Every structure is written in structure tokens, then in C-alpha cells.
Amino acid sequence: MADVLIADDSEFMRNLLREILEEDHEIVGEVENGVEAVEVFKEQQPDLVMMDIVMPIRDGIEATDEIKSDNPGAHVIMCTSVGQEEKMKEAVKAGADGYITKPFQKPSVMEAIQDVVPS
Amino acid sequence: MKVDVQSLGTFNELAHEGAQEATGSLAQMTGMEAEVEVTKISLVDRTDVGEELGSDQFVGVSFDFEGALAGETVLAFDEPSKETITEALVPGDEADEAMARSSVEEIGNIMMSGFIDGWADYLGATIDHSPPTYIEREGADVLPAAPAGSERDHIFVFRSQVEWVDETICFYIYMLPEYDSLTGLLGEHADAESDAIPIEKLETFNRMTRSGTQTAAENLGMMAGVDVEAEVTRISFAPIEDVPKQVGTETYVGTVVEFTGLPSGFLLVLFDEPSAINVAEALMPVDPDGEGLTDQHTAAIEELGNIMTSGFVDGWANVLQQSVEHTPPRLVHDMGRAIIDPLAAQLGQHQRHAFIIDSRMQTESLAFESEILALPNEAELRQALQELQVDRADQTEADVEQIF
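All of these numbers come straight from a predicted model, not from anything done at the bench.

J.: Would you take a moment to explain the overall build of chain A for this structure?
T.: When helices and strands are tallied, chain A shows five helices and five strands. Mapped in sequence order, the helices and strands of chain A form the string β-α-β-α-β-α-β-α-β-α. Against the globule reference of 14 Å for 119 residues, chain A gives a C-alpha radius of gyration of 12 Å, in line with a compact fold. Taking the principal axes of its C-alpha atoms as reference, chain A extends roughly 30 × 30 × 25 Å. Expressed as a percentage of the 119 residues in chain A, the buried residues total 52%. Partitioning the intrachain contacts of chain A with sequence separation of at least 6 by distance along the chain shows that 55% fall at a separation of at least 24.

J.: When you look at the nonpolar core in this model, what are you seeing that I'm missing?
T.: Side chains of a nonpolar character, in soluble globular proteins, are inclined to be buried together. Ranked by internal contacts, the top residues of the largest apolar core, which has 154 residues, are Val-49, Met-50 and Met-51 of chain A. For this core, the element with the most residues is helix H7 (residues 295–320) of chain B, which contributes twelve residues. Taken domain by domain, this core gets at least three of its residues from each of domain 1 (2–188) and domain 2 (195–403) of chain B. In this structure, Met-51 of chain A is in contact with Ala-7, Ala-37, Gly-60, Ala-63, Thr-64, Val-76, Ile-77, Met-78 and Cys-79 of chain A, ignoring residues within four places of it in sequence.

J.: Hey, could you run me through the interface of chain B and chain A in this one?
T.: Accessible area lost when the parts come together is the quantity often used to give the size of an interface. Residue-level contacts link 25 residues of chain B with 23 residues of chain A. If you list the elements that add at least two residues to the side of chain B that touches chain A, you get helix H5 (199–224), H7 and helix H10 (400–403) of chain B. A total of ten residues in the side of chain B that touches chain A trace back to one element, the largest contributor, which is H7 of chain B. Here the side of chain B that touches chain A is composed, by residue class, of 13 nonpolar, eight polar and four charged.

J.: Could you clarify how one ought to interpret the pairing of strand E7 (residues 154–164) of chain B in this entry?
T.: Regular strands place their side chains on alternate faces of the sheet. All names here are of chain B. Of all the eleven residues making up E7, nine are buried; the element is thus mostly covered by neighbouring parts of the structure. Pairing geometry for strand E2 (residues 34–45) and E7, over eleven bridges, is antiparallel. Bridge assignment links Ala-34 to a residue of E7, and that residue is Trp-164. Sheet topology places E7 next to strand E8 (residues 170–177); six bridges connect them, and they run antiparallel. Within E8, the residue paired with Val-162 across the bridge is Phe-171.

The rules we used
- Residues numbered from 1 in each chain as written.
- Chains lettered and ligands numbered in written order.
- Predicted model: local features only at pLDDT ≥ 70, side-chain atom pairs only at ≥ 80, totals over all residues.
- Helix = DSSP H or I, 4+ residues; strand = E, 2+ residues; numbered from the N terminus.
- Rg over C-alpha atoms; globule rule 2.2 N^0.38 Å.
- Buried ≥ 20, exposed ≤ 12 C-beta atoms within 10 Å, placed from the backbone.
- Contact = placed C-beta atoms within 7 Å.
- Core = buried A, V, L, I, M, F, W, Y, C linked by C-beta atoms within 7 Å.
- Domains from an automatic or database assignment.
- Nonpolar A, V, L, I, M, F, W, Y, C, P; charged D, E, K, R; others polar.
- Pairing = 2+ DSSP bridges.

Structure follows, in C-alpha cells:
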């Protein structure tokens, strides 16, 4: 079981992710933008961040960059509707460990988590 | 073959003036006041021509024309409009079927002469047209088959929508020029090489747009658990002031994002209200809290708009090997034109005409229709098309496994 922080500006998507994850993992926080994601990461030190890319105030790639710069061992999976190659490369550069494109189903989410945070 | 924006604008204006001339003739004969709502040039897949006519019964008057420009043109009324016009022309019980038909045929003849004459005058040449042919058919069948003699899957269509003041009359004027005839003219009238777009790239872009619509439809289908089909995709060109008329006056719910990169612009995902409720409820894991459009519905629509937007623009970005950024989706819930008005005004600060990318999708298993409308910055779209490598057009999907 991993401690997971969900960062997504969509309440609908946060609910969906929580429903998918809470049976097997502990949800330690839900935030709506990149600034909050960095703050809550520092407080909670979760095992994994499920990070959206397009968010207000600060996007998910910038937040990932800061989290990984300060905590190279942190695990971040980008969980986004963006399927652009250039954006994926930016995510890799920022230190993202995985990438799931929306819409997704539970098996693909669990598989991505298993790849990044083996139980 | 290239087409420049100025020529597209001029030709669109010619079609608009022709439609006004035709409408004026009809108004003069019937005494009913009318106005041309919108005229636009669209580059469409030939199988999509006339899709907006739905399955209603139409009466049409068609003509072939040849000379400086060649092709076919059709004036199409729905059945109730035909009856109203016939009543105005041949009042009372005098209008038997043959008389009704003859009156419509003649009015079509007069109107379409006005439509064609403007083109001939502008081109300083003659355009001859055939006698009118009267047709009664369902939906797009009222239109002629796409002009023969071309193996192309895309054709240019000029379409004017005319509405009557205080009357429930609506009719359409379609002009389907032969591809080579029109593109030859566009090439001859191209004023500035610098803003010319190769037509092949415009066609490729239209195909990419169809692919993006299909991806957005698949995303929606996966979330709602139904099969959704991309129905129509077209690129149109119209004066900026006509852009808000692309959508009706009914109320829509959806999302707007502003995208940056090449090109920049706006992208809207719109549902009519009943469709929005049906789709949102298909996405919700639990029953909604209340009746009508609740916060739960709008939250679902907001996220759906986000995912559909990405599905739509990612293909462009991957083919162009660029990043297209977009803002988080902003929920909109208003009359269609009120949603688009401020966006068109913003674009209108820098351009007189707009390319409008319009896609629609629907499914039989869930009562809904959705429309995706993209309004790119015209100059940047031209630049993007210049940079488009046609042989990369099928590389719309990025390989996550390869990158991670």
C-alpha cells in the first residue's frame, strides 16, 4: 500500500482517481494546482504523486520539476489528458516516472503504479 | 496549387453578395423580408456535403454552370418553406401541384441567375447556366453528387443560409464548383505569395482534424461506456463577424480553452443542454443530487471537455512536432452566440476572416450531440500549414512506452 497524493484541478477526476486507488492505497491528500501539490508533498512526503499537467496557477510539469529537484527519490506519475510527444518529453525532463493519458481505466492506473512503486 | 487568404475572402464575399442578390429577388417577388445569415466556404470530405440538412424533406432547384467557373448550384427549401413561398406567389386555391412546382422552379431560376451573375461580372467573363431542374428529396440527397471529373476526396462548397424575418422560412444556397475550375481561379487571383497555402496541406489538415475528432469521440466513448462516432469535420472560411453565427441561438453547456503555440486560438467543446445532462450522467458513478443541470453535471462536463480538447489538439502537436499548450477548461453555459461572441471579438483584433474548424459527433445508444469548434489565429494557422509535413500526417499519436 502506497501513500498517494492526487493533484488535479478537476473535482470529477479527483473523485474518480480516489475511487480507483483507495481500495489498495492510502490517499494522503487531494490538491487542485501545482503550488498546492508542492506544499502538500513537503508536508506529507507521500510515496507517489498522481499529477495532472494542465492546472491553474502552476502546471504539473513545473510542480514535478520542483518536487524531484528537492526529492530525487520521489515518485511522480503524470496523469493527464495531454497526449503530445513534446509534452511527454518535458515530463521526462522534469523527472516524471510514468505517464497515463486520460481517459483511463483501473487496470492501466494500477499497472503504472506497480511499475513505479513496486509493492 | 496554392490558395491565398485574400482570394478566399474575395470569393466568399462574391458568394455572399450573390446570395443577397438572390434573396433580394425572392423578397421582391413574395413581399417577404429576408436576410442572408451567413456565407462560408468549406473544404469538406465529399461524403459530408449537406450533412447539416439532416433527414428533412427538401425541395431543390438545381443548375449546372460553365464558363469562367464550372460546377453545380442548388437552392434548397424545406417543405414548409415551399408552401409558404407558393402561397405568397400563387395565393389562394389556385396553386395546384404543377403550379406550385412551376413557381418554385421559376423563382429558383431568377434567384440563381442573380447569384451567378455577380461571379461573372467580377471575373469579367461569361458563366452560362442550364435551365433549372426541380427536385424533391430527403436531406443531402437534394444536393448534386460532388462534381465529377475529380478523384479527390475533398471538395470546396460555398453555402449561404438565408432566414426570413417574421416567417418560418429557411433556405440554403449551395454552390459546388468543380475542384480544378475553382482552384485554378483561386490560383489566378492569388495576390500575395507570402500568405498562400498549398491546398494539399489544407486537405491534409482536414484529415488530421477528422482523426483528432475521432480520438475525442473515442475518449468520450470510453468514459461514457458507449460507441461514439465522429460525424462531420470541415474547415470553413468566413468573415470574423459571421463566426458567432456558426452555432445556433440555443443554450449550450461546454468548455472553452485558449491554446498557445502554433497556432494559437480557442477551442470549444459544446453540448446542448439535454445532451450535457445525458452525457454527464453516463460518466457519473452515482445518481445526481438534483434535477436538471447540477454542479455534479457541470464538473463532469468540465473534465470531459478537458479530455476531449486534448484528444483533439494532441494530433496536431505530434504531427507538427510542437507543443500546443492550453489553459484549463473554462465552463460555459449560455446561448451559443453569446459564448462565441467574445472569442471572435478577440480574434478580430488581428484578422478580418477566420478559419473555423468544426466537428460533430453523436451516438445512437445515448441521446446526445456534441460539437467541437476550433478558432485558430489565421496567420499562425497559415504558418503551421506551411510547416506541415504531409508525409507525417498520420503520426498523430505519441508512443508513451518509447518515451518512458
